[in-house]
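Survey of secondary and tertiary structure
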Amino acid sequence: MAALYACTKCHQRFPFEALSQGQQLCKECRIAHPVVKCTYCRTEYQQESKTNTICKKCAQNVQLYGTPKPCQYCNIIAAFIGNKCQRCTNSEKKYGPPYSCEQCKQQCAFDRKDDRKKVDGKLLCWLCTLSYKRVLQKTKEQRKHLSSSSRASHQEKEQYSRLSGGSHYNSQKTLSTSSIQNEIPKKKSKFESITANGDSFSPDLALDSPGTDHFVIIAQLKEEVATLKKMLHQKDQMILEKEKKITELKADFQYQESQMRAKMNQMEKTHKEVTEQLQAKNRELLKQAAALSKSKKSEKSGAITSP
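Within each chain, residue numbers correspond to sequence positions counted from 1 in written order. With the structure being a predicted model, the display of local features is reserved for residues of pLDDT at least 70 and the display and counting of side-chain atom pairs for 80 or more, all residues being used for whole-chain, interface and lining totals. Hydrogen atoms and water are omitted, and side-chain values are computed over all heavy atoms in the structure.

Just so we agree on the cut-off: UniProt positions are given in the numbering used here, feature names are shortened, and annotations may be inferred rather than shown by experiment.
Going by the annotation in an unreviewed UniProt entry, the name recorded for the protein chain is Family with sequence similarity 76 member A, with Monodon monoceros given as the source organism. Taken verbatim from the UniProt record of the protein chain, the Sequence similarities (unreviewed entry) comment is "Belongs to the FAM76 family."

1. Details of helix H3 (residues 86-95)
For clarity, the cut-off: Note on exposure labels: buried denotes an accessible area under 20% of the residue type's maximum, exposed denotes more than 50%, and partly exposed covers the range between, all computed with a 1.4 Å probe on protein chains only. In DSSP terms, a helix is any run of H or I states spanning at least four residues, a strand is any run of E spanning at least two, and both are numbered starting from the N terminus.
Within the span of H3, buried status applies to Cys88, Thr89 and Ser91. Immediately downstream of H3, the backbone of Gly96 shows phi near 95°, a positive value.

2. Remarks on a nonpolar patch on the surface
Using the following cut-off: Only residues above 30% relative accessible area that lack a salt bridge enter a patch, with like-charged residues linked at up to 9 Å and the nonpolar side chains Val, Leu, Ile, Met, Phe, Trp and Tyr linked at up to 5 Å. Methods summary: accessible areas were calculated by the Shrake-Rupley approach with a probe of 1.4 Å, and residue burial reflects only the protein chains presented. Salt bridges are identified by distance alone: a Lys or Arg side-chain nitrogen within 4 Å of an Asp or Glu carboxyl oxygen.
Among the surface-exposed residues, Leu64, Tyr65 and Ile81 lie close enough to one another that they form a single nonpolar patch of about 350 Å² accessible area. A relative accessible area of 63% means that Leu64 is categorised as exposed.

3. Concerning the layout of surface pockets
We apply this condition: Using a 1 Å grid laid over the protein atoms alone, points where a 1.4 Å probe fits but cannot get out form a cavity; open sets with protein on both sides within 12 Å along at least 5 of 7 lines form a pocket; any residue with an atom within 4 Å of a point counts as lining. Grid points are joined across faces, edges and corners, and a volume is the space filled by probe spheres set on the points. As a working rule, the residues Ala, Val, Leu, Ile, Met, Phe, Trp, Tyr, Cys and Pro are called nonpolar, Asp, Glu, Lys and Arg charged, and the rest polar, with Gly in that last group.
Each pocket or cavity is described by its volume, and for the largest pocket that value is around 520 Å³. For the largest pocket, the lining is made up of 34 residues, of which Arg112, Leu124, Cys125, Trp126 and Thr129 are closest to its centre. Of the residues forming the lining of the largest pocket, the biggest block, 6 residues, is contributed by helix H4 (residues 126-163). Of the residues contributing to the lining of the largest pocket, the split by class is 19 nonpolar, 5 polar and 10 charged.

4. A few points about the packing of aromatic side chains
Note the following rule: Whether two aromatic rings pair depends on their centres lying within 6.5 Å, for rings of Phe, Tyr and Trp, where Trp uses its six-membered ring; planes under 30 degrees apart make the pair stacked, over 60 edge-to-face, and the rest tilted. To sit over a ring, a charge needs its Lys NZ or Arg CZ within 6 Å of the ring centre and within 35 degrees of the ring normal.
Per the counting criterion, the structure on display carries 2 aromatic pairs. Where Tyr40 meets Phe80, the ring centres are 6.3 Å apart and the plane angle is 85°; that geometry is what we call edge-to-face. Taken together, the residues span a long stretch of sequence, with Tyr40 in the loop between strand S3 (35-37) and strand S4 (44-46) and Phe80 in the loop between strand S6 (77-79) and H3 at a distance of 40 residues. For the pair shown, Tyr40 and Phe80 are each scored as buried. On the basis of an interplanar angle of 70° and a centroid distance of 6.4 Å, the ring pair of Tyr73 and Phe110 is categorised as edge-to-face. Here Tyr73, found in the loop between strand S5 (69-70) and S6, pairs with Phe110, found in the loop between strand S8 (107-109) and H4; they are 37 residues apart in sequence, far enough to count as distant. Pair check on accessibility: Tyr73 and Phe110 agree, each one buried. For the cation-ring pair, Arg87 lies above Trp126, with the distance from its terminal atom to the ring centre recorded as 3.6 Å.

5. Let's talk about empty space enclosed by the protein
By the definition in use, this model includes 1 cavity of 30 Å³ or more. Quantified by volume, the largest cavity comes out at close to 60 Å³. As for the largest cavity, its lining consists of Arg42, Ile76, Leu127, Glu224, Thr227, Leu228 and Met231. In terms of residues, the lining of the largest cavity owes the most to one element, helix H7 (residues 212-305), which gives 4 residues. A per-class count over the lining of the largest cavity returns 4 nonpolar, 1 polar and 2 charged.

6. Some points on the side chain of Asp111
The criterion, for reference: Contacts are assigned to residue pairs with any non-hydrogen atoms lying within 4.5 Å of each other.
Its location among the elements puts Asp111 in the loop between S8 and H4. Apart from residues no more than four positions distant in its own chain, Asp111 is found in contact with Tyr95, Tyr99, Lys118 and Leu123.

Structure, rendered in structure tokens:
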């Protein structure tokens, strides 16, 4: 009896072939919890729910530091502290300032001073390296599938040739040839479906040309560049809207400040006029009081001298 292995998610036991190679997940768990890219740091993680679009590490950083900003080097929206993401900060401390990536031309590739760690001898940034390796893996899987299907058809042909002879051999040979020819449109349809999904892949190039990897990589990187341009355009629109709002708030603040200053000047002027009026009235009253006191004194002196 074949050995059974437990799924790391649902813990049910399955044959080894039914589990994924990396995380040892069954088919149902792979569908329910697919591996997706984090909206912020762009690393791949296993999605727990459809509403969860960021990884656990970024979720913790959002709670601690708030929404991140685009990194000044790689433009990935993962700069929680300062203007650089943690990946670029650590790479800069370890390898020095960044260089221009040979694929996306951004100043975000760090030279590790080791040609073995370069991708096909090229100095690429982190995102381009992931895309390059992913496309190479996809191409290898496609070639492996092609070689296995062609090997199966070749074995079928040999089997027919061993079991048949004479005219019967010729008829079986014709039948085998027709089955092989029927396999060719199927392969072509698979390649057409791959091309429709966004990969620039040619079946003739896949079978004959050694530069197929470059065509697929270029198509994948163009898609990455288009996504980054779209993201950059969205960020530019957000910045423009925020700048417009800031300008409006500044204009409103200046208007309110000018109104307040005019009101304060008017109040100061009114206060000054009232103060001057009260002071004039006070001086007038003091004069009247002095005149009354003087008249009273003169009356008293006249009353004393009269007898």
